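One-letter residues, chain by chain:
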Amino acid sequence: MLAETALSAHDPASLISHRGGPLLLLGAAGTGKTRLILERYGWLVEQGTAPERIALLTPSAARADAARAVLEQELRGGYSELVVVTPPEFAAAVLRRAGSRPELVDATLSAGDRLSMLAERIDELPLQHHDFGGNAGALLGSFVRRIDRLKAELVSATEFSAWAQQQDSAREREFAAIFEAHDRMVRETGACDEGELVHSAIKLLADQPASRRSFQHVLIDDAQELALGAATLARAVADEGELTVAGDPQGAVSRFRGAGAARLESFETPQTRVVRLQTHYRGAPASSFWRCENERAQAQAVAAEIERLIAREQADPRRIAVIVPDVQREGQAVAVALEERAVPHTVVGDAAFFQRAEVRDLLAWLRLLADPGDAPAVVRALARAPIELRSVDIARCTQIARRRKLDMVAALAAAIESPQVPPEARERIRVFLKLYRACVAQIDTSRPDLYVHRLIERLGLRRQQLFAAQPDVVERLRALARFGELASAHVARMPQATAREFARSIAAVADYGGLNERAEPSLTGADGRVQVLALEVAGGLEVDHVFVLGLRASLAGSHALDSEPVPDALLHEPLPADDDVTRRSRLEQWLYVAASRARERAVLAYATSGGRGGQGATDVPLAAVEQARVTHAAAWIDISEDLFGPAETLHSTYRLLRGELMEGTTRAAGRLAELRLDTDLDISHAVVRYLELLKLAALIARGDAEDGQSTAEALRDINTRIEQAITADQREIFASSPLDEYLLDAERDLRRRAQVMAARDEPSLERFLPMRGDGVMLSATDIDTYRACPLRYKFARVFRIPQEPTLHQRFGISVHQVLERFHSGDSGDSSGEVGPLADLLYQLDVSWRRGGFGDSDEERQLRAKAVSALTRYHARAVSDTGRPAWFERQFSFKLGPHLVRGRVDRVDQLPSGEYELIDYKTGRPKSADQLETDVQLSLYAIAAREAWGLEATHGAYYYLLDDRKVAISGDRERADWIRSVAVEVAEGIRAQEFEPTPSPRSCGICDYRLLCPAAEC
Ligand code: SF4
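Since we're looking at a predicted model, the values are computed, not measured. (Residues numbered from 1 in each chain as written. Predicted model: local features only at pLDDT ≥ 70, side-chain atom pairs only at ≥ 80, totals over all residues. Heavy atoms only, no water.)

K.L.:
Is there a simple way to explain the site of the ligand in this structure?
P.N.:
Lining the immediate surroundings of the ligand are Cys 789, Arg 792, Pro 996, Pro 998, Ser 1002, Cys 1003, Cys 1006, Arg 1009, Cys 1012 and Ala 1014. In terms of residue class, the shell around the ligand is built from 7 nonpolar, 1 polar and 2 charged. (Near = heavy atom within 4 Å. Nonpolar A, V, L, I, M, F, W, Y, C, P; charged D, E, K, R; others polar.)

K.L.:
Hey, could you run me through the sheet that holds strand β5 (residues 242–247) in this one?
P.N.:
Hydrogen bonds along the backbone pair up the strands of a sheet, which may run parallel or antiparallel. Ordered in space as β3-β2-β4-β5-β1-β6, the 6 strands form an open sheet in which the pairing is parallel. In this open sheet, the two strands that pair with only one neighbour each are β3 (83–85) and β6 (273–277). Averaged over all pairs of adjacent strands, the angle between their axes in this sheet comes to 10°, without regard to strand direction. Note that strand β1 (residues 23–27) and β6 share 5 bridges and pair parallel. Among the inter-strand pairings, Gly 27 is bridged to a residue of β6, identified as Leu 277. Across the face of the sheet, helix α4 (residues 87–98) comes into contact with β2 (54–57), β3 and β4 (217–220) while running at roughly 140° to β3. (Pairing = 2+ DSSP bridges. Helix = DSSP H or I, 4+ residues; strand = E, 2+ residues; numbered from the N terminus. Axes fitted to C-alpha atoms, helices over the stretch in contact; angles between N-to-C directions. Contact = heavy atoms within 4.5 Å.)

K.L.:
When you look at the pattern of salt bridges in this model, what are you seeing that I'm missing?
P.N.:
If charged atoms from side chains of opposite charge come close, those side chains can pair. Taken as a whole and assessed by the stated rule, the structure comprises 50 salt bridges. The residue Asp 963 makes a salt bridge to Arg 876 at a minimum N-O spacing of 3.0 Å. Residue Asp 963 is found in the loop between β19 (954–959) and β20 (964–969), and its partner Arg 876 is found in helix α37 (residues 857–879); the two are separated by 87 residues along the sequence. Asp 963 sits in the partly exposed class, given a relative accessible area of 23%. A salt bridge links Arg 990 to Glu 987, with the shortest nitrogen-to-oxygen separation between them at 3.0 Å. (Salt bridge = Lys/Arg side-chain N within 4 Å of Asp/Glu carboxyl O. Buried < 20%, exposed > 50% of the residue type's maximum accessible area, 1.4 Å probe, protein only.)

K.L.:
Could you clarify how one ought to interpret the pairing of strand β17 (residues 898–909) in this entry?
P.N.:
Regular strands have side chains that alternate between both faces of the sheet. In this structure, strand β15 (residues 775–778) lies alongside β17, joined through 2 bridges in parallel fashion. Residue pairing across strands places Leu 778 opposite Val 900, the latter belonging to β17. Once strand β16 (residues 883–895) ends, the chain turns through 2 residues before running back antiparallel as β17, passing Gly 896 with a positive phi of about 65°. One ladder, built from 4 bridges, connects β17 with strand β18 (residues 915–921); its direction is antiparallel. In the sheet register, Val 907 faces β18, and the bridge partner there is Leu 917. Hairpin geometry of β17 and β18 is characterised by an intervening segment of 5 residues between the two adjacent antiparallel strands and by a positive phi of about 95° at Gly 913.

K.L.:
Please explain the packing of helix α17 (residues 375–383) against helix α19 (residues 408–415) as it appears in this structure.
P.N.:
A pair of packed helices is captured by two measures, namely the crossing angle of their axes and the spacing between those axes. Between α17 and α19, the shortest axis-to-axis distance is 9 Å and the interhelical angle comes to 45°. By the angle between their directions, the pair α17 and α19 is classed as oblique. In this structure, α17 uses Ala 375, Val 378, Val 379 and Leu 382 to contact α19, whose residues at the interface are Met 408, Val 409 and Leu 412. Partitioning the contact of α17 with α19 into residue classes produces 7 nonpolar, no polar and no charged. (Parallel < 35°, antiparallel > 145°, perpendicular 65-115°, else oblique.)

K.L.:
Is there a simple way to think about the side chain of Arg 257 in this case?
P.N.:
For Arg 257, the location among the structural elements is in the loop between β5 and α12 (260–265). Polar side-chain contacts of Arg 257 include one of 3.0 Å to the backbone oxygen of Val 566. A polar side-chain atom of Arg 257 sits 3.0 Å from the main-chain carbonyl oxygen of Pro 576. (Polar contact = N/O pair within 3.5 Å; in protein donor to acceptor, adjacent residues only side chain to side chain.)

K.L.:
Is there a simple way to think about the sheet that holds strand β8 (residues 320–324) in this case?
P.N.:
Taken in spatial order, the 7 strands make up an open sheet running β9-β10-β8-β11-β12-β7-β13, and their pairing is parallel. Across the chains shown, the open sheet's two edge strands, defined by having one partner strand only, are β9 (345–347) and β13 (636–639). Here the average twist between neighbouring strands, direction ignored, is 20°. Direction of pairing for strand β7 (residues 286–292) relative to β13: parallel, over a ladder of 4 bridges. Within β13, the position partnered with Cys 292 by the bridge is Ile 639. Against the sheet, helix α25 (residues 580–595) touches β8, β11 (543–548) and β12 (598–607), its axis set at about 135° to β12.

K.L.:
In this structure, what is going on with the nonpolar core? I would like to understand it.
P.N.:
Grouped burial of nonpolar side chains is what soluble globular proteins tend to show. The biggest cluster of nonpolar side chains holds 110 residues, and the ones touching the most others in it are Trp 365, Phe 432 and Phe 483. The element contributing the most residues to this core is helix α16 (residues 357–370), with 9 residues. Residue contacts for Phe 432: discarding those within four places in its chain leaves Trp 365, Leu 368, Val 378, Ala 381, Leu 382, Ile 387, Val 409 and Leu 412. Trp 290, Ala 315, Ile 323 and Val 625 belong to the second largest nonpolar core, which has 59 residues in total. (Core = buried A, V, L, I, M, F, W, Y, C linked by side-chain atoms within 4.5 Å.)

Here it is as structure tokens:
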């Protein structure tokens, strides 16, 4: 506990004008700490201290901006510089004033820069003991985060390495080598990172104590959030001057291990005057507790309540915030629900920036210009403005690429000669190729910032946005401007960089979803918008209404709480242990900070199930939420999903069509300037979109008139009147619109609506479906892919977008081939005799050469993994009691009209006479629980019965790299379930139901994220 040396009933004036030693102000949210710090700043200036001699340190840029805005408003006199700064900026200011290391001050690499640096030089990293898990960007991003965390706690690469050498963990030793490689690479660019900057400033102050005199006063706000490096720097600067610190001991959200109270205590010395502020200037907000059926219900309820607040209570959207544990998960769902109600909102964070449609359009073009073999990028560019090739024509082009083994750009050049591609599609492809050729010619010679600027103009992205009279138009234009700023920042750091290098670098950062996820909300209001933000950046915000979502008990074990590990032995100050108690306490602090952002009302909500329609495990609320509910003597308010929610009302359909109309206008307008064969058709479509809107408006007006007419009768009347006034072409399109059917359909769920809307423009993809007769051809992988996400299935199996296999995929294929060849007669046979190990390793040599593996560090490490895995495999095979009966055995069987095909890696006959079906895996092992809803082996069990007449009741996954076998049950009940799953999937494919079902697990490893509209906001 801190020693309290002053009475709690303080006199603000005495604190503002405090003299003679350090001052520590402790208080909860709403006790006026920030105001006191700012008033004290003003008072110091009035007393004659030059503003340049006062440093005001805040833990984040948003808080610094907000404080600077107040001071600029309130300071009467002039000044040359206001030092209102974050810790790295403070370090830079100290170094600059001392004239020390000027080369570093202006060359600090951001986390994103370092991520792309590691991605480009991945071959130099030792990566034998770390698993990519299908996403190299995520692994490299986690390295950057951990390195930053270690440096913030003043742990250097040398220190970490010395510690790691004493450990048994090969993984930690490998990380130590990665840490050192990271620092070496940063040094080689002639730059530094923020941790290095802070460290350099601390060292300077220790070596040259006179440098401390450059600041007379140091004020710190929200000091509970400061890491050890920042706190050490502040204390060192204040050593010769005066220090005023304000903070909330319970208010730490980003502090390592939640040690906010310990941080504040660390500022206390025997001379410190400690004041506990107890007067609350904000009233306690009213609290409500929502128990939602699932995440969709939670998002819908929040959106509906916000719409009500704005429409009925004239609440200012800027004074409303939605706080979520993870902006990519709950934030995305809320954004969609707000969009449905046309509520102006913004999702805070880099991840959100890279999910914006216009940013992804630009990224797609940069990626394809840097690499024409990047098929997902080409497909996105083709599907979006200004090209807008129809799905069916895109499928034709991917077919040409696949059949002729061309990259997508070369395939497009071939497509304009192909009779299968209709003339209007060829026109669009020509426009694409013209743009491509114009831009690619300059990619190796242009400066990235100029190149990006020109690309935006060439693609007409800014023009399109200007035409789109939607409420978020300003935000979109700003996003494009910010992309340009990223390119300029890249040039500032790497003046020799070409546009191609920038393209690769920004693509790597975007792949990871950005690294600056702790981007803060605007504290001064976000252009009249509701802000959706992450829990960990909620500190500093002050609004009227707060909705805190996702407060489920399982949050305690989620990745959101996984702070980058710093070994206890390397900590330079005592901190709470990294255990469940600390995690619980962190969650309580987050909850307290989030809820205390509200002045009027806080809603605390959780979803009992993550899946739609109540699927998935049932969750309970966080213990702290339940405790708060009991304290407030409040009841849970149950919220269920509204299947016939806002999207189904005439009003929201009107809003949806209005948005679509404006975008359609932009497209049609763009084409008026071009000589296209189908321009008149585009115009007719745009006119019909307007007429549909008119029809809806008329229906809404009729509803208000309440003349007793049915919807069908009203539609007939309105249609007749409209059709009398339009051209024959327009009448034909108008009459074929499925809008009426949709409006009349009682079974209208979201999926149906999306299908109907899509069907208005797109011809059927039927000829590209993998059909056999009347049924669909399916494999276990197809079923898994479709179940994970139908849209992903469409990209992979209907469009069949060509993809280069990753190194890890090639590795998996190669290991499978080695085992197949080893067992197929050269050195082993199905009699159960296992050939010598030397033959198995010989097969590896052959496969490695044929597989085109190179000599990079990563490839060598993979080879070493393969040798050790195959050696253990061989030892197990020799001692196994089961007798291998078949290898790579194929099967096909009918399931109703559908055909299921595949092959089983290995079938063993057990001593009991039964059979065991074995599937090899080269990924990380999963437990039997994790495989509970697994399809593959159960499907193989049915196949063994249907195709081979075998009653195989056993099945196992064999994780080769870990030498682990995980058995899966193959009982009858499960077989029935698999049959129904397979039929349902096949029917979905046949009906062309390809709605995306985004989820962090599925999207995190999806190759089509750039293409996917569900990954956009
Ligand atoms: S990004 Fe997610 S939602 Fe989109 S296709 Fe991939 S898995 Fe489906």
